[in-house]
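As a plain string of letters, each chain reads:
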Amino acid sequence: MATKVVSPPTSDPSQQLLKPKSRRKILRFLMGGSLAGVWMSLVYPLVRYLIPPAEANVATNEALAGAVGELKPNSAKTFRFGTHPALLIRLPNGEYQSMSAVCTHLGCTVQYQPGTQQVWCPCHNGRYDLNGRNIQGPPPRPLVTFDVKLRGEEIHVSRRQDA
Amino acid sequence: MSGPEIVRQWIDERVDLREMFAPLMEKTVPRHRFSHWYLLGGVTLFLFGVQVCTGLLLLLYYRPSMSEAYESVQYITNRVAFGWLVRSVHAWSANLMIFMAFAHMFSVAFLRAYRKPRELTWMSGMVLLFLCLGFGFSGYLLPWNMLSFFATKVGTEVPGRMPVIGHATLLFMRGGEDVGGATLARFFSLHVVVLPAITASMVLLHLLLVQKFGMSVPPSVEKEGHRFGSKVKFFPNYFLRDVMTWSVALMVLLVLAVIFPVELGKKADPFGSAPAGIRPEWYFLSQFQTLRLLPATILHIDGEVIGALAFGLAGALWVALPLLEGRLGRNGSRWARISVLGALVYLASTTLYAYFTT
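Residues numbered from 1 in each chain as written. Chains lettered and ligands numbered in written order. Predicted model: local features only at pLDDT ≥ 70, side-chain atom pairs only at ≥ 80, totals over all residues.

### Quick look at the interface of chain B and chain A
Phase 1: At the junction of the two partners, chain B supplies 29 residues and chain A supplies 25 residues.
Phase 2: Of all the elements in the fold, those that place two or more residues in the side of chain B that touches chain A are helix H8 (146–160), helix H9 (166–174), helix H13 (285–293) and helix H14 (303–319) of chain B.
Phase 3: Residue composition of the side of chain B that touches chain A, grouped by class: 15 nonpolar, seven polar and seven charged. (Contact = placed C-beta atoms within 7 Å. Helix = DSSP H or I, 4+ residues; strand = E, 2+ residues; numbered from the N terminus. Nonpolar A, V, L, I, M, F, W, Y, C, P; charged D, E, K, R; others polar.)

### Description of the domain arrangement of chain B
All names here are of chain B.
Phase 1: Looking at chain B, the domain boundaries give domain 1 (29–269) and domain 2 (281–358).
Phase 2: Here the C-alpha centroids of domain 1 and domain 2 sit 21 Å apart.
Phase 3: Contacts between domain 1 and domain 2 engage 19 residues on the former and 17 residues on the latter.
Phase 4: For the side of domain 1 that touches domain 2, the secondary-structure elements that each account for two or more residues are helix H6 (83–110), helix H7 (119–141) and H8.
Phase 5: It is H7 that provides the largest number of residues to the side of domain 1 that touches domain 2, a total of seven residues.
Phase 6: Among the residues making up the side of domain 1 that touches domain 2, the classes are represented as 13 nonpolar, one polar and five charged. (Domains from an automatic or database assignment.)

### Quick word on the sheet that holds strand E8 (residues 134–136) of chain A
All names here are of chain A.
Phase 1: In spatial order, the strands read E5-E6-E7-E8; together these four strands make up an open sheet with antiparallel pairing. Each edge of the sheet is formed by a strand with only one pairing partner; in this case those strands are strand E5 (111–113) and E8. Shown here is a sheet whose adjacent strand axes are inclined to one another by a mean of 40°, direction ignored.
Phase 2: Here three bridges tie strand E6 (residues 118–121) to strand E7 (residues 126–128), and the two strands are oriented antiparallel to one another. In the strand pairing of E7, Val119 is matched with Tyr128. (Pairing = 2+ DSSP bridges. Axes fitted to C-alpha atoms, helices over the stretch in contact; angles between N-to-C directions.)

### Observations regarding the pairing of strand E3 (residues 84–90) of chain A
Residue and element names in this part refer to chain A.
Phase 1: In terms of burial, E3 is a largely internal element, six of the seven residues being buried.
Phase 2: Between strand E2 (residues 75–81) and the antiparallel strand that follows it, E3, lie two residues; Gly82 among them carries a positive phi value of about 65°.
Phase 3: Judged from the five bridges that link them, E3 and strand E4 (residues 96–100) form a sheet pairing that is antiparallel. If you follow Ala86 over to E4, its bridge partner there is Ser100.
Phase 4: In sequence, E3 turns back onto E4 through a hairpin of five residues, with Gly94 there showing a positive phi of about 95°. (Buried ≥ 20, exposed ≤ 12 C-beta atoms within 10 Å, placed from the backbone.)

If you want it as structure tokens, here you go:
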């Protein structure tokens, strides 16, 4: 007579955990998790390495733009204002005007056009008036304008206090 | 037995040359009235080879730093024997390679060779085209002249305007807030190490896929009953046609490089104004013109942000063309044809518009 072996019902939850299928699941989870952890610990520094560290943002408030008499009326020059180029314009009436030379559209360096007495960006044909207001083309915002002060023979340009 | 024959036999005994080259020897190319379009991919690959060779030669003298880059290119052009020729061939070959890649892409698109099962071939080809554009963009900066400086400034600013990841992308591309020595170093390593390595593996994948599926017969030709049509053996028949085309390409390249040697222009001045008449290389003119035409703001969003997003979306849709065509069911092929024609008309018209108005 054949004897039938009946396995006792598993009511104990810890015994259920040890079933081969669930054991595989747990092991896969642990192995997968630690592998993912190892990969992340490689990828994170790599991504951080690719993005350069932030530069010390030394806010420039003033710069030497040039010398009196350097510019004829209705002409302009670019000069260095901190880490960016800026524009010094001598208006036809002899007064000075200064503004950032970085186009607000896509960052090209603008130039003064004596013919139209406008500031023009050759990259995408944007135009600004002498107060830096964007008047034509794609620039979305006006140029930042600066205060101009004459100290003896030197022309100094400074950031506007209200800006 | 002669020397070369002994060597051939020695190798053959070890690797079985016949079996090794069997796929190539058995390969056939369908012959029909559009067969000549198959040559474009080969010419593009040939020109890539020219780029690798001339690029290696330029590397012997080029120095990638802000203070030396321009001067070293000047040295190559003016002092090194035939340096002007090597540089000119490199620049012209780059332009021709990109032109051929575009021509190849449009021929594939018009003949609808991207249909199942060749979707992955199309996508790998698109990745190769983007890599070509990456080569063009990164290589353009290396002479460090005025044009390249501002082209890079604008070219890195556009992805920099993307929402959320824009600024990080800009920093990653420039190596800092502004275009400078760090950008030059990054672009140099990208141009001579990273892109060539990725491109080589992509070319291999593309060729393996072409080899696996064979050349696609256009649906219109298939309808005419090409199924029973003629074929030519790839080796040596079609391969010789390839070699002939490459020879013509090489001659055209040399003529262009000698008669119109590339100029160097003025050294980049990060604090000088952008020169009048500035514009990017012809293959970016379409995007350039689009950015010029977009208004300052669209629905309270800056025009260039919309532009940057639109370029990304259009590129993604174009890569997914075979999948979209499948999704659209019966009307798919008609829509695909209209899109391909529309893309060609848009690219060509904006490029010509920019060319004649700047």
